[in-house]
Amino acid sequence: MNAVTRRAVIATAAVSMALSLAACGQAGGDDSADKGSSTKIGLLLPENKTARYEALDKPQFEKAVKAACGDCEVVYNNAVSDVVKQKQQFDQLIADGVKVIALGSVDATKAAGWVTEAKAKGVKVIAYDRAVKGADAYVSHDNNKVGELQGQALLAALGGKAATANVVMINGDEKDPNAALFKAGAHAALDGKVGKVAYEASGEWDPKVAGEKMSAAISSLGKDKINAVYSANDGMAGGIITSLENAGIKNIPVGGQDAEVAGIQRIIAGTQTFTIYKSPLQLAPEAAKFAVNLLQGKELGAQGATDGVPSTLFPPVVVDKTNIQSTVVKDGIYKAADLCTSDLAAKCTELGVK
């Protein structure tokens, strides 16, 4: 073999080796490179006692992510109100190379520490529905306004009786920062305009606990001394209304929140007065947009900021018997058939729900 031929063989071998190494790196390669290019988006929701998370938020988020990023996959878990479980779920997502997590926190104070840990590993966190300090983005509704609307709707239902009314307040879980905002907004609307808030407690977002607290209020005040009940959400309103009915208390205003099927059906039946509609058709797609944009390094697209966190806050809407058709049915959240069971058919017709 002459010198020229030898140099050609060596050069060819070098190129071949370089290509083989490159292919090896692409095929198996460095784990950190695989994790860096992850197309997985985490969605962690806080609990399943509130029906909307599983029935509305999760599917709407998944649908919106898929529409914006055909290659993206949503990895979902529900913490069932267990903060330890949620931390394990959060850590597992990071260990699996997920680079963006939408987090509906069980405990926002503890979650703030998780966000700090995630940032150190290059993971972005979207605070979903519940604010978390230090998050990269926040999507929710105007939660103080939610409470104000609840209080105002309760006042409207009381009418001329408001000034002397005894109101029972069953608030949300104190670990949820939104619960404090709902409570503050409701007090801003009610304080000085009702006789008094005669009994107040946390129902912990649990219908059973809320029902027990309502029974305690009845025992404390007497069944003839309760004129209206503020319930922070629809799930708890169900437990509260059962306790009221068991005590023989009827025809007093009871409000809720979340526009759950059961809550809307109670409004149709006349046992619940109103709910607050926070459309998942707004919330989940906005969070999905944030997640995909963060994953792809694009501009976030937030409408403003909340405590320094880029955020979008949507306006809530009161739903009562007058506007079921023009809100949750018109928006396609529910079909009339979902709401108008055989025992409610006549009332649906009367209310124009079709």
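Quantities reported herein were computed from a predicted structural model and do not represent experimental measurements.

Calculation criteria
Residues numbered from 1 in each chain as written. Predicted model: local features only at pLDDT ≥ 70, side-chain atom pairs only at ≥ 80, totals over all residues. Heavy atoms only, no water. Phe/Tyr/Trp six-rings, centres within 6.5 Å; stacked < 30°, edge-to-face > 60°. Helix = DSSP H or I, 4+ residues; strand = E, 2+ residues; numbered from the N terminus. Buried < 20%, exposed > 50% of the residue type's maximum accessible area, 1.4 Å probe, protein only. Expected span 1.5 Å × (residues − 1). Arc of directions from axis to C-beta. Contact = heavy atoms within 4.5 Å. Polar contact = N/O pair within 3.5 Å; in protein donor to acceptor, adjacent residues only side chain to side chain.

**Q** Honestly, the packing of aromatic side chains in this entry has me stumped. Any pointers?
**A** The geometry of an aromatic ring pair is captured by the separation of the ring centres together with the interplanar angle, meaning the angle of the planes. The final tally for this structure, using the stated rule, is three aromatic pairs. With centroids separated by 6.5 Å and ring planes inclined at 85°, the aromatic side chains of F61 and Y128 adopt a geometry described as edge-to-face. Remark: Y128 occurs in strand 4 (residues 124-128) and F61 occurs in helix 3 (residues 52-68); sequence separation between them is 67 residues. Given the relative accessible area of 0%, F61 is considered buried. Looking at Y128, the relative accessible area reads 1%, which means it is buried. Their ring planes at 70° and their centres at 6.2 Å tell us that F182 and W205 sit as a pair that is edge-to-face. You can see F182 sitting in helix 7 (residues 177-190) and its partner W205 sitting in the loop between strand 7 (196-202) and helix 8 (207-221), a full 23 residues away along the chain.

**Q** Explain helix 5 (residues 108-120) here, please?
**A** An α-helix turns once every 3.6 residues. As a result, residues three or four positions apart point the same way. For helix 5, which comprises 13 residues, the first-to-last C-alpha distance of 19 Å matches the rise-based estimate of 18 Å (1.5 Å per residue) to within 8%. Taken as a whole, helix 5 has its buried residues at A108, A111, A112, W114, V115 and A118. Within helix 5, the buried residues cover an arc of 165° as seen down the axis, which keeps them to one side. Opposite the buried face of helix 5, by more than 90 degrees, sit the exposed residues T109, T116 and A120. In this fold, the buried residues of helix 5 make contact with helix 4 (83-95), strand 3 (100-103), strand 4 and helix 7. Regarding helix 5, its N-cap is D107, as a side-chain oxygen of that residue lies 3.1 Å from the backbone nitrogen of T109 further along. Positioned one or two residues after helix 5, G122 has a phi angle of 75°, which is positive.

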